[in-house]
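A look at the structure
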Amino acid sequence: MTSIELAQASNAAVYATMVSLSLAMVCFAISFAVGRRRPMAAPVRVEVLQVAGSTDVIEQAAPQPADPIEPGRRAANIGMSLTWLSFFTLLIGVVLRGVWAGRVPWGNMYEFSITAALGILGVFLALSVRRDLRWLGLFIVIPALLTLGLAVTVLYTEAAQLVPALKSYWLVIHVSAAIICSGAFTLAAATAGLSLVRGRAERRAAGADVAGSAARVPASDKLQVMTNRIVAFTFPLWTFAVVAGAIWAENAWGRYWGWDPKETWAFITWVVFAAYLHARSTAGWRGDRASWIVIVGWVAFMINYFGVNIFVNSLHSYAGT
């Protein structure tokens, strides 16, 4: 394939991913709106037997009916299938972009954005292999779709050769770790936000069954445990990404740390998630306050990703948009 054909094929794969993600979003939205139907308890059949002038009352549980099909389950299954399809089409688009450029496809904001969307989908799908996460699909597909939309409308740029500072194996090490962290932090922010919504609904219900859209997701304590596990896995990886970036900076610019805006916000993100892990280990800071810290950390990560790269002049601005 010629370079033009590779570029067209990569762009077509990205647009195909956006179409399939849009369909997945609709399916997940339908599933989330319809919700689940909980099977009713089976009635008890009472039989009265008269034997030799005596009366015995026998209670026998009626046969349990088969569990009813959850409304929206089919739509959620279709949404998951479309999400898997989106992951593979986007993977093709990222690979073709790299082949076209003749390097790893992380040389500018457009390339990092489409790869970050791939990371979001990849982390979600990897976790969905071990547990049912169809209830979370809507809140993962939306940020992935928005990332791709921003990439193709605002951040798109033609592939170009890397500047000397980027021609290093640390590009693969540092950026690949950051990509995985972007997906995991997004997943943690989604579960943290849902735990806040669910927790408020549980307090309003005052011990009764939670109704409305909050009933579509697991209990708040389970969501908080899930958030904690994701952050506990991601924090060491983010620490490694920051350290790898510092080593790369020493190779490229002759110093490990210079409080460049990108470095500063990477450190702020690290501090926020470190504070979260400390808060989880302190009984008084568990619950909603800990969830808010995760959301603040994700916002700091987004500022580091979008805000610094687009609106702030720094040594990292060479990647362009």
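Structure: above.
Worth saying up front: this structure is predicted, and the values here are computed from it rather than measured.

**What to know about the overall build of the protein**
When you go through the protein residue by residue, the secondary structure sums to eight helices and two strands. Put simply, the protein runs from its N terminus to its C terminus through helices and strands in the order α-β-β-α-α-α-α-α-α-α. Across the 321 residues of the protein, 47% fall into the buried class. If you take every contact in the protein between residues at least 6 apart in sequence, the share linking residues at least 24 apart comes to 79%. Per element, the accessible surface of the protein, about 16300 Å² overall, is 65% carbon and sulfur.

**Observations regarding the packing of helix H2 (residues 73-101) against helix H3 (residues 109-128)**
Contact pair H2 / H3: the axes reach a minimum separation of 10 Å and the direction vectors enclose 145°. As H2 packs across H3, the resulting crossing turns out to be left-handed. Residue-level inspection shows Met80, Thr83, Trp84, Ser86, Phe87, Leu90, Leu91, Val94 and Arg97 of H2 in contact with H3, the latter providing Tyr110, Glu111, Ile114, Thr115, Ala117, Leu118, Leu121, Gly122, Phe124, Leu125 and Ser128. Looking at the contact of H2 with H3 residue by residue, the classes come out as 13 nonpolar, five polar and two charged.

**As for the pattern of salt bridges**
Per the counting criterion, the structure on display carries six salt bridges. With a shortest N-O distance of 2.8 Å, arginine 97 and glutamate 111 are connected by a salt bridge. Here arginine 97 is found in helix H2, whereas its partner glutamate 111 is found in helix H3, with 14 residues between them in sequence. For glutamate 111, a relative accessible area of 0% gives the class buried. We note a salt bridge from arginine 198 to glutamate 202, for which the minimum N-O separation is 2.9 Å. Taken as a pair, arginine 198 and glutamate 202 lie in helix H5 (residues 170-205) at a separation of four residues, close to a single helical turn. Residue classification places glutamate 202 among the partly exposed positions, given a relative accessible area of 25%.

What counts as what
In this numbering scheme, every chain counts its residues from 1 along its sequence in written order. Per-residue local features of the predicted model are confined to residues with pLDDT of at least 70, and side-chain atom pairs are confined, for both listing and counting, to 80 or more; whole-chain, interface and lining totals are unaffected and use all residues. Heavy atoms from the whole structure form the basis of all side-chain values; hydrogens and water molecules are not counted. Numbering of helices and strands runs from the N terminus; a helix is a DSSP stretch of H or I covering at least four residues, while a strand is a stretch of E covering at least two. Burial status follows relative accessibility: with a 1.4 Å probe on protein chains alone, a residue under 20% of its type maximum counts as buried, one over 50% as exposed, and anything between as partly exposed. The contact criterion used is simple: two residues touch if any of their non-hydrogen atoms lie within 4.5 Å. The protein chains shown are the only cover counted for residues, whose accessible areas, like all others here, come from Shrake-Rupley with a 1.4 Å probe. Convention adopted: a line fitted to C-alpha atoms gives each axis, helices being fitted over their contacting stretch, and angles between N-to-C directions are expressed from 0 to 180 degrees. In this scheme the handedness of a crossing depends on how the near helix is turned from the far one: anticlockwise by less than a right angle means left-handed, clockwise means right-handed. Gly is put with the polar residues, along with every residue not named as nonpolar or charged; the nonpolar set is Ala, Val, Leu, Ile, Met, Phe, Trp, Tyr, Cys and Pro, and the charged set is Asp, Glu, Lys and Arg. Salt bridge criterion: a side-chain nitrogen from Lys or Arg within 4 Å of a carboxyl oxygen from Asp or Glu.

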